[in-house]
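Residue strings, one per chain:
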Protein chains: 2
Amino acid sequence: MEDIKLYVTKHKERFISELIELLKIPSVSADTAFSQDVLDTADAVKTSLEHAGCDFVEICDTAGYPIVYGEKIIDPKLPTVLVYGHYDVQPADPLELWTSPPFEPVIKKTDIHPEGAIFARGSCDDKGQMYMHVKAFEYMIQSNTLPCNVKFMIEGEEEVGSVNLKTFVENNNEKLKNDVILISDTGMISNQQPSITTGLRGLSYVEVEVTGPNRDLHSGLYGGAVANPINVLSKMIASLHDENNHITIPGFYDKVEELSLEERAEMAKAPFSLDNYKKALDLNDVYGEKGYVTNERNSIRPTLDVNGIWGGYTGEGAKTVIASKAFAKISMRLVPNQDWEEITALFTKHFLNIAPAGVTVKVTPHHGGQGYVTPIDSIGYKAANKAYTETFGVPAIPVRSGGSIPIVALFEKELKSKTILMGFGLDSDAIHSPNEHFGIFNFLKGIETIPLFYKYFVELSK
Amino acid sequence: MEDIKLYVTKHKERFISELIELLKIPSVSADTAFSQDVLDTADAVKTSLEHAGCDFVEICDTAGYPIVYGEKIIDPKLPTVLVYGHYDVQPADPLELWTSPPFEPVIKKTDIHPEGAIFARGSCDDKGQMYMHVKAFEYMIQSNTLPCNVKFMIEGEEEVGSVNLKTFVENNNEKLKNDVILISDTGMISNQQPSITTGLRGLSYVEVEVTGPNRDLHSGLYGGAVANPINVLSKMIASLHDENNHITIPGFYDKVEELSLEERAEMAKAPFSLDNYKKALDLNDVYGEKGYVTNERNSIRPTLDVNGIWGGYTGEGAKTVIASKAFAKISMRLVPNQDWEEITALFTKHFLNIAPAGVTVKVTPHHGGQGYVTPIDSIGYKAANKAYTETFGVPAIPVRSGGSIPIVALFEKELKSKTILMGFGLDSDAIHSPNEHFGIFNFLKGIETIPLFYKYFVELSK
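Worth saying up front: this structure is predicted, and the values here are computed from it rather than measured.

A. Spotlight on the overall build of chain A. Within chain A one finds 13 helices and 18 strands. Projected onto the principal axes, the alpha-carbon positions of chain A cover approximately 80 × 50 × 45 Å. Residues counted as buried form 63% of the 462 residues belonging to chain A. A separation of at least 24 residues holds for 78% of the contacts in chain A among residues at least 6 apart in sequence. Charge-centre separation for chain A: the mean point of 43 positive side chains lies 2 Å from the mean point of 62 negative side chains.

B. Local environment of the interface of chain B and chain A. Facing 92 residues of chain B, the contacting portion of chain A comprises 92 residues. Summed over both sides, the interface of chain B with chain A buries roughly 7,700 Å², with 51% coming from carbon and sulfur. At the boundary of chain B and chain A, one finds zero salt bridges. A class-by-class count of the residues in the side of chain B that touches chain A yields 36 nonpolar, 36 polar and 20 charged. As paired elements, strand β11 (residues 303-312) of chain A and strand β11 (residues 303-312) of chain B share five bridges and run antiparallel to each other.

C. The arrangement of the relation of the copies chain B and chain A in detail. After a rotation of 180° and a shift along the axis of 0.0 Å, chain B superposes on chain A with an RMSD of 0.0 Å. On the angle and the small slide along the axis, the relation comes out as a two-fold axis. Comparing interface residues between copies, 100% of those in chain B also sit at the interface in chain A, which points to an isologous, same-surface contact.

D. Inspection of the sheet that holds strand β4 (residues 106-108) of chain B at higher detail. Residues and elements named next belong to chain B. Ordered by their spatial adjacency, three strands build an open sheet running β4-β5-β18, and the pairing between neighbours is antiparallel. In this open sheet, the two strands that pair with only one neighbour each are β4 and β18 (437-439). Taking the axes of each pair of neighbouring strands and ignoring which way they run, one obtains an average angle of 30° across the sheet. In this sheet, strand β5 (residues 117-119) lies alongside β4 in antiparallel orientation, the contact comprising three bridges.

E. Examining the UniProt feature "domain: Peptidase M20 dimerisation" (unreviewed entry) in chain A more closely. Per the UniProt annotation, the sites labelled "domain: Peptidase M20 dimerisation" (unreviewed entry) are residues 199-357 of chain A. Taken end to end, residues 199-357 of chain A is 30% helix and 23% strand, and its two terminal C-alpha atoms sit 42 Å from one another.

Criteria and thresholds
Residues numbered from 1 in each chain as written. Chains lettered and ligands numbered in written order. Predicted model: local features only at pLDDT ≥ 70, side-chain atom pairs only at ≥ 80, totals over all residues. Heavy atoms only, no water. Helix = DSSP H or I, 4+ residues; strand = E, 2+ residues; numbered from the N terminus. Buried < 20%, exposed > 50% of the residue type's maximum accessible area, 1.4 Å probe, protein only. Contact = heavy atoms within 4.5 Å. Lys, Arg positive; Asp, Glu negative; His and termini not counted. Charge placed at Lys NZ, Arg CZ, Asp CG, Glu CD. Buried area = accessible area lost by both parts, 1.4 Å probe. Salt bridge = Lys/Arg side-chain N within 4 Å of Asp/Glu carboxyl O. Nonpolar A, V, L, I, M, F, W, Y, C, P; charged D, E, K, R; others polar. Pairing = 2+ DSSP bridges. Least-squares fit on C-alpha atoms with pLDDT ≥ 70 in both. Axes fitted to C-alpha atoms, helices over the stretch in contact; angles between N-to-C directions. UniProt positions renumbered as here; feature names shortened; annotations may be inferred.

Spelled out as structure tokens, the structure:
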């Protein structure tokens, strides 16, 4: 399939500038200040699908941000690939840590990306990876090599838990009918070693509020005599892990799937350097659950992390105050078989239980999703592996990711089809962080690899 | 001394409107955004002292905000009273909890203040109480009843630890020479029961910073594999108290003065209703060090409170991030004999010691001050008590306050004179909180009582 290489070489400047335009729109779904930008991005995605060659594209309203649906049905008897992606992005703060503005994309060379990388919020997660599919589709249309039907479902609420996607999928079973779901919203080991994500962690995200006195108090007059909500919240958070960093919520581990030593040995084969890992993060040491190594802690084990905490005086200088309230955002990454709603309930019950007298505690679930494991003997996995092998020259390695794409489990339940996670990003691309970027190499390699997936998926489906 | 009552009645409207003008200037010393306002307030204080009748007033520059000095020397052979106060105020946030803007003073009636109270940041702490002295002085000048020399030292950095006052006092021993120091920056039990603060707690205020990875990380890809600075900070803060709410810093209690059962029994005589205390704060229970009651916990016992904490994503919605850094502002209230610099060193050493591998910790001392106890058999105390007894009809009760006025210990050391804390505020005045206010009754009663202190102090000094 030499033509795709030529096509990419011929059009890459245009591909990049089109993506850059998309990245300029600050589609931050978590912050209502950007709501118009999120809607504008949906329009831009619709237009790009029309130009790429969809017969039919529509913006489907939901209770939240719309879902962009597009399709090209060439023959109902042929297989159908459903491409999922999202056009919303994470908040960009802390802004001061960006070396260039998050929504003013620039191309810079890095050690890992000698050909340059596009620096912008969403460049990798997920606008850049989503757009690879649009351009790969454009190629197949232009070269008349599209071997099957395609459907696109690009949503705008992935970064806030895909809260309205479930209803949409439930109500559109027929429209979304497919033989395989293809998603590029994950990473690979390196630009020399592709990998396919076969496992994802589930997620339960909650916000907690601890209230003490009905107003802020002078810490001199009241200090030591009333429960300080910040001290209490700290104590409650601290108690959620024991001295071995096991999570102390009763029942939390009950359904956790324990991997066999063989499986763990298999995992350990993936190339990994703890020294480089620590060096990349300027850490003097790693930290985590006793009895597991780093690559297990962030993939096959459930975790609990505070994502944000605030309370009291956080301004310049000193204020001797006891705050009336303290807050924290807490997320738990879950492994297959842990049900996120059950875990959310267990957390809530436990957190209310451990509140001392003198404070009142409120727990507000934000969102969540189930974990997922995909079998490596499926047609989809084999097709993806053949595609990677052809463009990278080496077969892909199956890996468990610590990330969560809650909707993958939803798709399997509602649409009865498997999802293939063909990721082209790198862990070092700093998604969800300042200076997120996506390698030009990765972007173009994705466009080059995706049509091969279609080709082999159809061949193997015969 | 009936004239003072008449004088107050005749001029109270003017006194109140003058104070309101002073309260309109947002002299927040902790926030450089207000630096010009702080300087403007110093000018306003200078003018008020000149109008009240000082022979000499000057604005003394320091490395920080200036100190306003004024004096009226009628006869070097007569005793000299040094009045201390501060013209800076606490930050006003959280602004949304104020029922009227903090720097737009309004008079509102409350259950405790049926004659009305002035609602504004600084109304009680300390502009309102400081201004009572200016108006009492004005009366003594106008009625030609000033019985001794007066010196005023009004600073602008009390709310940020009086960082430059020490040098000023050290360099101006002669200028500040006095026989007694008079301060109104504390409270009394109630408008029916005056009290004199005989003990103050010391203070050590520090800021801590916990750094994990060199950038914010995706909690899915890294969660559970690296130390999360917020979780770690919470664990470190939690460990600073044991299950009995004793502070765990080694050596922290070594120099704490333990009161005898007799002294504690004496303290217990002060009128106090735990039910009303809890009701006023909407608390289902109090909380604190085992083995001590509420009025001991907030006065004779040292404490450790987190005054502010922040880290990670604190905006709207959810962000699955592991923050690179987490911060907290922590203050310790100290009792007599605990040296604040020694305690700060003990805290710093301990906090660095308990940092786990995987994070780096920084401790930055903000400021501090020593505790203080004043003897109730001094001439100053007796004079104050006679003054209160005459204007309130009942003698004052000596009480230990949990608050800190670090400079009181400094004055005794440098100026070799005792400080009398004649407070006219109430605990319910919400100093350092939203809706700070100061009763009209208290303001005028202070102006009425202060000249009597001068009278009796000079008589008893003969």
